[in-house]
Amino acid sequence: METKYDWSEKHAQFALKTAKPKVGILIASYGSVSLQSNQSLRNFQAKLEEYFGVPVRIALTSEALRKRLAHARTKSDSVLKALKKMEFERFTHVIVQSLHLIAGIEYTDVLEDTQIAKEESVLKIQSGLPLLSTEQDILPVVEALNKLLPADFQENDVAIFMGHGTNHNAEKFYASLSQKLHESYPYLYIACMEGTCSLAHVLADLKQKPDLHKVWLLPLLTLIGKHALCDMAGDEEKSWKNQVIAQGYLCEPYLKGLAESVEIQNIWIKRIEQAIAAL
């Protein structure tokens, strides 16, 4: 993904359809108040601007988080508000790329905001697919997760990726990803806070590994926020870290979100390229 995107040859139709086209990209994430997460989003924004050569904006899909940021006098936009701003800035074509893992509730909200913007503006808008939307998306994510492991990961270590999970029917992608990941790399697991892929199931399986040295915990989350810092790595009794320690294992959290993975970033870039082609 080091070379820049070639607009001139691949998508000259923008110039044909619009006298003075102005193309932009809007990336939509749940968001976080942590400095690490904010920086990772900004870094990805800069990478997209360099690669595609167009302006990139950021929208946060969590209303509660946007309110929290507003109280702290920090500006943030919903997808709909960001698109209205882009129309005011005279953009003509916008790619809305969700940074969500699956096409669940949050992704549906992104599509709803996008549809409203289509109806209320003259913008030409195309939405990019989330990380997992077909079974063919599983293997590239599996390979990317294996490359996320910390440098200190050793033989007889295992890693558990903590996902949010969902009660949405898109949960099947968590199950497929979990199965394929463990089949490909028996030392890697996925567990979720919601749904059927639970931490309890993984802890039960670890009992079959008598030579286990250390359990690493990694977020299967776009950004490092409350779930990673508290639910996974926190000091509370019910945190995943303390649940693992209670089973007698050494445990170490590794706080690196998916947005910090070059391999995951490149998958999202492909989603944007697919959306450009559809637009």
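The rules behind the values
Residues numbered from 1 in each chain as written. Predicted model: local features only at pLDDT ≥ 70, side-chain atom pairs only at ≥ 80, totals over all residues. Heavy atoms only, no water. Helix = DSSP H or I, 4+ residues; strand = E, 2+ residues; numbered from the N terminus. Rg over C-alpha atoms; globule rule 2.2 N^0.38 Å. Buried < 20%, exposed > 50% of the residue type's maximum accessible area, 1.4 Å probe, protein only. Areas by Shrake-Rupley, 256 points an atom, 1.4 Å probe, with all protein chains shown as cover. Lys, Arg positive; Asp, Glu negative; His and termini not counted. Charge placed at Lys NZ, Arg CZ, Asp CG, Glu CD. Arc of directions from axis to C-beta. Contact = heavy atoms within 4.5 Å. Salt bridge = Lys/Arg side-chain N within 4 Å of Asp/Glu carboxyl O. Polar contact = N/O pair within 3.5 Å; in protein donor to acceptor, adjacent residues only side chain to side chain. Axes fitted to C-alpha atoms, helices over the stretch in contact; angles between N-to-C directions. Parallel < 35°, antiparallel > 145°, perpendicular 65-115°, else oblique. Nonpolar A, V, L, I, M, F, W, Y, C, P; charged D, E, K, R; others polar. Pairing = 2+ DSSP bridges. pLDDT = per-residue confidence, 0-100. Left-handed = near helix turned anticlockwise from the far one by under 90°.

Draft legend 1. Expanded view of the overall build of the protein. When helices and strands are tallied, the protein shows twelve helices and eight strands. Computed over C-alpha atoms, the radius of gyration of the protein comes to 20 Å, within 12% of the 19 Å expected from 2.2 N^0.38 for 279 residues, which places it in the range of a compact globule. Over its C-alpha atoms, taken along the principal directions, the protein stretches across nearly 70 × 40 × 35 Å. Split into buried and exposed, the 279 residues of the protein put 52% on the buried side. As presented, the protein carries roughly 14100 Å² of accessible surface, and 50% of it is formed by carbon and sulfur atoms. Averaging the coordinates of the 31 positive side-chain charges in the protein and doing the same for the 34 negative ones gives two points 8 Å apart.

Draft legend 2. Representation of helix α9 (residues 199–206) within the structure. Every buried residue belonging to α9 is among Leu199, Val202, Leu203 and Leu206, and all of these are buried. The buried residues of α9 all sit within an arc of 100° when viewed along its axis, so they share a single face. Along α9, the residues that are exposed and aim more than 90 degrees away from the buried face are Ala200 and His201. For α9, the secondary structure elements touched by its buried residues are β5 (157–163), β6 (188–192), β7 (214–219) and α11 (240–246).

Draft legend 3. Region of interest: helix α5 (residues 79–88). Along α5, the residues classified as buried are Val79, Leu80, Ala82, Leu83 and Met86. Take α5 and look down its axis: the buried residues cluster within an arc of 160°, on one side only. Lining the buried residues of α5 we find β1 (23–29), β2 (56–60), β3 (93–98), α6 (105–120) and β4 (124–128). Just past α5, the residue arginine 90 takes up positive phi, approximately 70°.

Draft legend 4. Fine view of the pattern of salt bridges. Counted by the stated rule, this structure contains nine salt bridges. When salt bridges with common partners are traced through the structure, they connect Asp77, Lys81 and Lys85 into a single cluster.

Draft legend 5. Inspection of the side chain of aspartate 77 at higher detail. Its location among the elements puts aspartate 77 in the loop between α4 (63–71) and α5. A distance of 3.1 Å separates polar atoms of two side chains, one belonging to aspartate 77 and the other to lysine 85. Sequence-distant contacts of aspartate 77, defined by excluding residues within four places in its chain, comprise Ala59, Leu60, Arg66, Ala82 and Lys85.

Draft legend 6. Focus on the packing of helix α7 (residues 138–146) against helix α12 (residues 262–278). Remark: α7 packs on α12, axes separated minimally by 8 Å, with the N-to-C direction vectors making an angle of 155°. Here α12 runs roughly antiparallel to α7, going by the angle between their axes. Contacts from Pro140, Val141 and Ala144 of α7 reach α12 at Glu263, Ile264 and Ile267. Of the residues that constitute the contact of α7 with α12, the class distribution is five nonpolar, no polar and one charged.

Draft legend 7. Broad picture of the sheet that holds β4. On the basis of which strands lie adjacent, the open sheet formed by four strands has the order β2-β1-β3-β4 and parallel pairing. Each having just a single partner strand, β2 and β4 make up the two edges of the open sheet. Here the average twist between neighbouring strands, direction ignored, is 25°. Pairing of β3 with β4 involves five bridges; the strand directions are parallel. Across the sheet, the residue bridging to valine 94 is isoleucine 125, located in β4. Strands β1, β2, β3 and β4 of the sheet are contacted by α5, whose axis makes an angle of about 165° with β1.

Draft legend 8. How the structure looks around the sheet that holds β6. One open sheet accounts for four strands, arranged β6-β5-β7-β8; its pairing is parallel. Both outer strands of the open sheet, β6 and β8 (250–253), are each paired with one neighbouring strand and no more. Strand-to-strand twist of the sheet, defined as the mean angle between neighbouring strand axes without regard to direction, takes the value 25°. Judged from the six bridges that link them, β5 and β7 form a sheet pairing that is parallel.

Draft legend 9. Spatial organisation of the confidence of the model for the protein. With 95% of its residues at a pLDDT of 70 or more, the protein has an overall mean of 91. Looking at the elements of the protein, mean pLDDT is at its lowest for helix α2 (residues 13–17), recorded as 55, and at its highest for β7, recorded as 98.

Draft legend 10. The pairing of β6, seen in detail. The element β6 is extensively covered by neighbouring structure, given that five of its five residues are classed as buried. What you see with β6 is no split at all: Leu188, Ile190 and Cys192 on one side and Tyr189 and Ala191 on the other are buried throughout.

Draft legend 11. Molecular detail of the packing of helix α3 (residues 35–52) against α12. For the pair α3 and α12, interaxial distance at closest approach is 12 Å and the crossing angle is 50°. In terms of orientation, α3 lies oblique with respect to α12. Read as a crossing pair, α3 and α12 show a hand that is right-handed. Contacts between α3 and α12 pair Phe44, Lys47, Leu48, Tyr51 and Phe52 from the former with Val262, Gln265, Asn266, Trp268, Ile269, Ile272, Glu273 and Ile276 from the latter. Split into classes, the residues belonging to the contact of α3 with α12 amount to nine nonpolar, two polar and two charged.

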